[in-house]
Amino acid sequence: MKNRHFLIVLLSLLLTGMGSCSKEVPPDKPVAAHPDEAVAQREFRAAWVATVANINWPSTRDLSVEEQKQEAIELLDLLKANNFNAVIFQVRPQCDALYQSELEPWSYYLTGEQGKAPEPFYDPLEFWIEAAHDRGLELHAWLNPYRAHHTAGGELTEHSVVKKKPELAVFLKRGFWWLDPAKKATKKHSLAVVEDIVKRYDVDGIHFDDYFYPYPDYNEFDDFPDDESWQAYQKKGGQLSRGDWRRKHVNTFIQAVYKKIKKIKPHVKFGLSPFGTWKPKHPPAIGGYDQYENLYADAKLWLNEGWIDYFTPQLYWPTNRMDLSFPVLLGWWQRENTHNRHLWPGISMGRLQGEQAADEALNVIMFTRGLMPESPGIVHWSIQALIGNPRIQRDLMNGPYKKQSLVPASPWLDKKAPVAPKVEYKVEQDKLAITWSHKEAKDVFQWVIYYKYGADKDWEYAILPRGERSLEIDYYFIDERQIRRTGPDKVETLEEVLLPVSEIVVSAVDRLGNESKKEAVALNLAGPVKTPSLEEIITDYKTTQESKPNFEPDVVVKLGIEVLIEEHLDLIKGKRVGLITNPSAVDARMRSDVDILANTPGLDLVALFGAEHGVRGAKQGRIFQDGDKDPITGIPVYSLYGKSYAPERKWLDKIDVMIFDIQGVGSAWYTFKYSMSFAMEACAKAGIPFIVLDRPNPLGGRVVEGPTLDMGRIFRHPLPLRHGMTYGELATMWNETEGFGVDLTVIKMKNWSRSMTWDETGLFWVMPSPNMGTFETAVVYPGQCLFERTNLSEGR
């Protein structure tokens, strides 16, 4: 009773909250403007572009200047097209420069000859900065602080720091050269490089990766060769251990870099991407590499002290790897983020392929949004994985990166927002042309143009780079969902489905993400406007719908049971058919699938298998007897809920093919799914083909998202907090991942898309009952859980 009371109260709160989201506007009064409700998404979305060994750019060392520029533009256009907002560009891979420098030589990776400038001359870093900013992308200059020469860096020349400052460099047995971090001159030189870039270039950030002291295998696991520096320290009475002494030099350098950047240009962010684990057992469940002892990088200290503006630990491991769990590690780093700096983890998109890579990328993005809702962000290693996997591009753009995003603000650096722009507009045919100006344009990095149609629609927005001053949008929006909901032949007035622009707002955003005040522009749209007639709208809508694959007029969604009978009868005709179903498996016209199959000529429906609550009026649960009869058709019924989770072999011997058709929608991971899993395995062992009749699931994409609960017993698989899979998609996945190997056929629906709301499907709604008794699952499944616990679903 206590649980029921709690859930009823929670249901009341949820319904009250949902009701408060809508506004009732008196029909004869103007709609009030609410510009503060116009909010752009905030998320750092960056990709690394590596130049070392020509990993990403330039693709080879023999490209002409124009070819180099063209490759750069293609990479930046790719990021812009996929709604990224930053690029981390490697400008110092081995104490060299992909920019004009008096401190270090031109990079071997640029021209194939260290010290040789591009011909005809141009400055690559300057080019990348301008091209990135023209596309609304931040550019962060990525430097390696200590690597003096890479094994893929060509021959050592007289231009190399190894030759010019041999007293700073040490040789590692695998062929690398490294600057000795313990020498003051090393710190002075590398700090001067950072200072030079920040002073002369309009970068948005300085970025270091995980190469401080080198990885042990670079010297074939012998200790780093800094005996000269170490012995000099000891002679002066040094008391630190060798490890602490090395860490101290790195720590003081990191602190000095941060202070130097802020002294020159406070708005330039300093970011670090250290190895993803600090020490093993931190947190306790984590194993992994010890950067503290092996790289002498006390990355936890840098985060604790706030010596950085954003922190990007390289969490390149899968979300489900127990000893190196992405969410566990990210949560630990967040707890160490005592100064509330940006925590934007690095992920590796190239370690998996195809659908797995795309799913993993989406999973970690959603984990990050959940753990850092105020300042989410991801850095992708590397841009090549984005290029080489169109599936990732598609899924990012259809999912988390569907909308553009502003980089989260950095209030510890600057809170002062720019002034708002001056906005003008005019109607041109069926377009609204918006223009704006700003009296302090040098303070602006981006513009956000917000607009909405009608009184009840959400705000839409576009983010434009600093150089643009205009945007043309449609004067009106045709509400196709309203047409579907009402029915194209039942729409009576143009105003029902044609919504004009009701509000616009233009704001200015500065380099640190501070956004100007939002003021709605008063719209006076009187005058000739070109709009279609209601007849034209309806005709265009019907034509568009009819051109879609599998479209059939006068049917909103056609379920798998109808598609099976009308188009795939050959799969079951003349065979003994078994059907796994539940009492509510009905189609849009309230016909039971049992009756449809039992009354189809040429079909031999010989057995019904009841998942959960039996079949129609048959007995349930553990008192269910083999062969109890369906009260209407008289077909024997067998229970898969109590007596046997899987169809028994003696039952399967009576059929030639098994059909699975269960009514259950939403994100619930419920017993019906597990009935399908058990049945698939049993049918595979018996050699019985398995046909799944698909049902809609409008809640999310084909993603299973954790955390999970292990419910045991009939809940055969771990219970995830969300999934958006249809039965057919789930069966296809399990058949592969669980190795069932059943002869599987999925009969898909027609006219259904995942973006539909349930009332647009035209189908009978049956609330699934997830029977989840924890607070966490009640929060995730408010409707299903609350209805189940209050028995409201039993009215079905």
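Since the model is a prediction, treat every value here as computed from it, not as a measurement.

1. Side note on the overall build of the chain
For the chain, the helix and strand inventory stands at 24 helices and 28 strands. In the chain, buried positions account for 54% of the 796 residues. Contacts spanning at least 24 positions in sequence make up 73% of the contacts within the chain whose residues lie at least 6 apart. Approximately 35000 Å² of the chain is accessible, and the part contributed by carbon and sulfur atoms is 51%.

2. Structural notes on the packing of helix α2 (residues 65–81) against helix α4 (residues 124–134)
Axis separation between α2 and α4 bottoms out at 10 Å; the angle between their running directions is 35°. By crossing handedness, the relation of α2 to α4 is classed as right-handed. Two secondary-structure elements touch here, α2 through K69, A72, I73, L75 and L76 and α4 through F127, W128, A131 and A132. Along the lines of polarity and charge, the residues of the contact of α2 with α4 split into eight nonpolar, no polar and one charged.

3. Considerations on the sheet that holds strand β14 (residues 431–437)
Pairing within the open sheet is antiparallel, and its three strands lie in the order β13-β14-β17. Only two strands of the sheet have a single neighbouring strand rather than two, namely β13 (422–428) and β17 (470–474). The average angle at which neighbouring strand axes cross in this sheet is 20°, direction not considered. Summarising the sheet, β14 and β17 pair through five bridges and their orientation is antiparallel. Across the sheet, T435 pairs through a bridge with S470, a residue of β17.

4. Some points on the pattern of salt bridges
Evaluated as defined, the whole model comprises 39 salt bridges. For the salt bridge of R391 with D395, the shortest nitrogen-to-oxygen distance reads 2.8 Å. Taken as a pair, R391 and D395 lie in helix α14 (residues 390–398) at a separation of four residues, close to a single helical turn. For D395, a relative accessible area of 12% translates into the label buried. One salt bridge in this structure joins E648 and K650, with 3.8 Å as the shortest N-O distance. Taking the relative accessible area as the measure of exposure, E648 reaches 23% and is therefore partly exposed. On the accessibility criterion, K650 (47% relative accessible area) is partly exposed.

5. Structural notes on the nonpolar core
With 108 residues, the main nonpolar core has W57, W128, I197, I206, F208 and F270 as its most contacted residues. Looking at this core, the element that brings in the most residues is helix α8 (residues 242–264), giving eight residues. Discounting chain neighbours no more than four positions away, the residues touching I197 are V91, Y99, L125, A141, L143, V203 and I206. Counting 31 residues, the second largest nonpolar core, distinct from the first, contains Y638, M658, M725 and W734.

Scoring rules and cut-offs
Residues numbered from 1 in each chain as written. Predicted model: local features only at pLDDT ≥ 70, side-chain atom pairs only at ≥ 80, totals over all residues. Heavy atoms only, no water. Helix = DSSP H or I, 4+ residues; strand = E, 2+ residues; numbered from the N terminus. Buried < 20%, exposed > 50% of the residue type's maximum accessible area, 1.4 Å probe, protein only. Contact = heavy atoms within 4.5 Å. Areas by Shrake-Rupley, 256 points an atom, 1.4 Å probe, with all protein chains shown as cover. Axes fitted to C-alpha atoms, helices over the stretch in contact; angles between N-to-C directions. Left-handed = near helix turned anticlockwise from the far one by under 90°. Nonpolar A, V, L, I, M, F, W, Y, C, P; charged D, E, K, R; others polar. Pairing = 2+ DSSP bridges. Salt bridge = Lys/Arg side-chain N within 4 Å of Asp/Glu carboxyl O. Core = buried A, V, L, I, M, F, W, Y, C linked by side-chain atoms within 4.5 Å.

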